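Descriptive analysis of the structure
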Amino acid sequence: MSTTSSPEADVWYNIPDFNILAQNITVPGFSPLFPDAHCTEDGTICQLTTGEAEINAALSLAALIRSPSFDLRSTYFIVAGIAGINPKVATIASVTFARYAVQVCLQYEFDSREIPDDFPTGYVPLGAKRPDQYPGDIYGTEVFEVNDALRKLAVGFAKTASLNDTAEAQAYRSHYSASEAYAPGASAPSVVECDTAASDTFWTGRLLGETFENTTTLFTNSTGVYCSTQQEDNALLEALLRGAKDELVDFSRIIIMRTGSNFDRQYPGQTAAENRFGESAGFAPALANIYFAGIKVVQGILDGWNETFKEGVPPSNYIGDIFGTLGGEPDFGPGSRPWAKV
């Protein structure tokens, strides 16, 4: 399990199911704040905390993958963290599982006071000249796609969980019932299949929310549905992809699970600043549901190990990056490029 912060990590400590602190293994290259990987006595289950944002995430996970202390070739990686949530798709305390991770920050940015009159946003994909044009300059981390067959198994496990909710969260999300478009945001927490957007900038507000909805749609050729926003997932996936290219990990064994801790935009009658700096009441139940949903996924994999998971779950879709680095033809972007496989 990969977490990014102490609150996310703490949900796995001192639980009745297993003792993740039985082994504490210092890994060179980990964050100085979180220098150890934690494992059960038999090493079946391990957890690391990378630190927040893309640089911390990439460096810590790359260090784990290259560490001689671990053989990760048959390991299932669960990204288990909180995220901002799109009220058009889900609500605070919901548990989301992504097929696509989109790095929405890889764009040109105009100050809002200098946006061209005919642009709906100040964000323009790199190498493009309008917001609705596909990027002309491709870095390789714009989009990752993970195993959808595995995702659906994880969703099935998570749906057996009783999710945490609070009176405060219920009261806050009720404000979103004022807009029909935000009906999912006003609903009770649930397990949702939808996609995630990564950006080191902690943005907020309806206008940016709609901008990055459109970015997700554009970058995934209208397949992805943006619902969660976080700072790490594309960095984690790039580290895993490079490890998979060197046959150190299996890219088909990745689950991206994010729980909604706050809304990414304001409710009707609220300002964007009030949404960001006020209390959304989603933090506590979102943390709780990392455990309540995540433990079902962990138990499902362990219980089904010999029958289903030991040999791996065959992907039903393309998996990998925008270049086709691991083989196959991406169903998004300009297609694989031969030089990416050298």
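Residues numbered from 1 in each chain as written. Predicted model: local features only at pLDDT ≥ 70, side-chain atom pairs only at ≥ 80, totals over all residues. Heavy atoms only, no water.

**Comments concerning the pairing of strand β6 (residues 95–98)**
Residues in a regular strand project their side chains so that they alternate between the two faces of the sheet. Worth spelling out the cut-off: In this scheme, a residue with accessible area under 20% of its type's maximum is buried, one over 50% is exposed, and one in between is partly exposed, where area comes from a 1.4 Å probe on protein chains only. Strands are runs of DSSP state E lasting at least 2 residues, helices are runs of H or I lasting at least 4, and numbering of each runs from the N terminus. In this description, strands pair whenever DSSP reports at least two bridges between them.
Going residue by residue along β6, you find Val95 and Phe97 tucked away on one face and Thr96 and Ala98 tucked away on the opposite face as well. The pairing of β6 with strand β11 (residues 191–193) spans three bridges and is parallel. Of the residues in β11, the one forming a bridge with Thr96 is Val192. Here β6 pairs with strand β14 (residues 254–263) via four bridges, running antiparallel. When the bridges of β14 are listed, Phe97 appears paired with Met257.

**Examining the packing of helix α2 (residues 54–66) against helix α7 (residues 233–245)**
Inclusion rule: The convention used is that axes are lines fitted to C-alpha atoms, helices contributing only their stretch in contact, and that angles between N-to-C directions extend from 0 to 180 degrees. In what follows, roughly perpendicular refers to angles from 65 to 115 degrees, roughly parallel to angles under 35, roughly antiparallel to angles over 145, and oblique to any angle outside these ranges. Working rule for handedness: look at the near helix, and if it is turned counterclockwise from the far one by less than a right angle, call the crossing left-handed; if clockwise, right-handed. Contacts are residue-level and defined by heavy atoms, with any inter-residue pair within 4.5 Å sufficient. Each residue is assigned to one class: nonpolar for Ala, Val, Leu, Ile, Met, Phe, Trp, Tyr, Cys and Pro, charged for Asp, Glu, Lys and Arg, and polar for all the others, Gly among them.
Running from amino to carboxyl end, α2 crosses α7 at an angle of 25°, the nearest separation of the two axes being 8 Å. Classified by the interaxial angle, the pair formed by α2 and α7 is roughly parallel. The hand of the α2/α7 crossing is right-handed. The residues of α7 that touch α2, namely those facing Glu54, Ala57, Ala58, Leu61, Ala62, Ile65 and Arg66, are Ala235, Leu236, Ala239, Leu240, Arg242 and Gly243. Its residues placed into classes, the contact of α2 with α7 shows nine nonpolar, one polar and three charged.

**Focus: the state of the cysteines**
To keep it simple, the criterion reads: Counting rule for disulfides: a pair of cysteine sulfur atoms within 2.5 Å.
Taken as a whole and assessed by the stated rule, the structure comprises two disulfides. One disulfide in the model links Cys39 with Cys46; its S-S distance is 2.1 Å. Disulfide Cys39-Cys46: torsion about the S-S bond near 110°, hence right-handed. Judged by its relative accessible area of 24%, Cys46 is partly exposed. Between the sulfur atoms of Cys194 and its disulfide mate Cys227 the distance is 1.9 Å. Between Cys194 and Cys227, the S-S torsion sits near 70°, and that sign places the bridge as right-handed. Taken together, the residues span a long stretch of sequence, with Cys194 in the loop between β11 and β12 (195–198) and Cys227 in strand β13 (residues 226–230) at a distance of 33 residues. For the pair Cys194 and Cys227, one class covers both residues: buried. This cysteine, Cys105, is not joined by any disulfide, and Cys227 carries the nearest cysteine sulfur, 17 Å off. Of the residues examined, Cys105 reaches a relative accessible area of 28% and is grouped as partly exposed.

**With respect to the pattern of salt bridges**
Filter applied, for reference: Here a salt bridge means any side-chain nitrogen of Lys or Arg lying within 4 Å of a carboxyl oxygen belonging to Asp or Glu.
Taken as a whole and judged by the stated rule, the model has 20 salt bridges. Residue Arg265 is joined to Glu213 by a salt bridge in which the shortest nitrogen-to-oxygen separation is 2.6 Å. With Arg265 in the loop between β14 and α8 (272–277) and Glu213 in helix α6 (residues 206–219), this residue pair connects regions lying 52 residues apart in the sequence. The pair Arg265 / Glu213 is uniform in exposure class, with both members buried. Of the charged contacts in the structure, one is a salt bridge between Asp233 and Arg258, with a shortest N-O distance of 2.6 Å. Placement of the pair is Asp233 in helix α7 and Arg258 in strand β14, with a sequence separation of 25 residues. One exposure class covers both Asp233 and Arg258, and it is buried. A single salt-bridge network, built from bridges that share partners, covers Lys88, Glu213, Asp264 and Arg265.

**Details of the nonpolar core**
Definition in use: Residues grouped as a nonpolar core are buried Ala, Val, Leu, Ile, Met, Phe, Trp, Tyr and Cys residues, joined through side-chain atoms within 4.5 Å.
Of all hydrophobic cores here, the largest spans 34 residues; its most connected members are Met1, Trp12, Phe18, Phe97, Ile255, Ile290 and Val297. When residues of this core are traced back to their parent elements, those giving at least two are β5 (77–85), β6, α3 (148–158), β14 and α9 (283–303). It is α9 that provides the largest number of residues to this core, a total of nine residues. Residues within four places of Phe97 in sequence aside, it is in contact with Arg151, Ala154, Val155, Ala158, Val191, Val192, Glu193, Cys194, Ile255, Ile256, Met257 and Val297.

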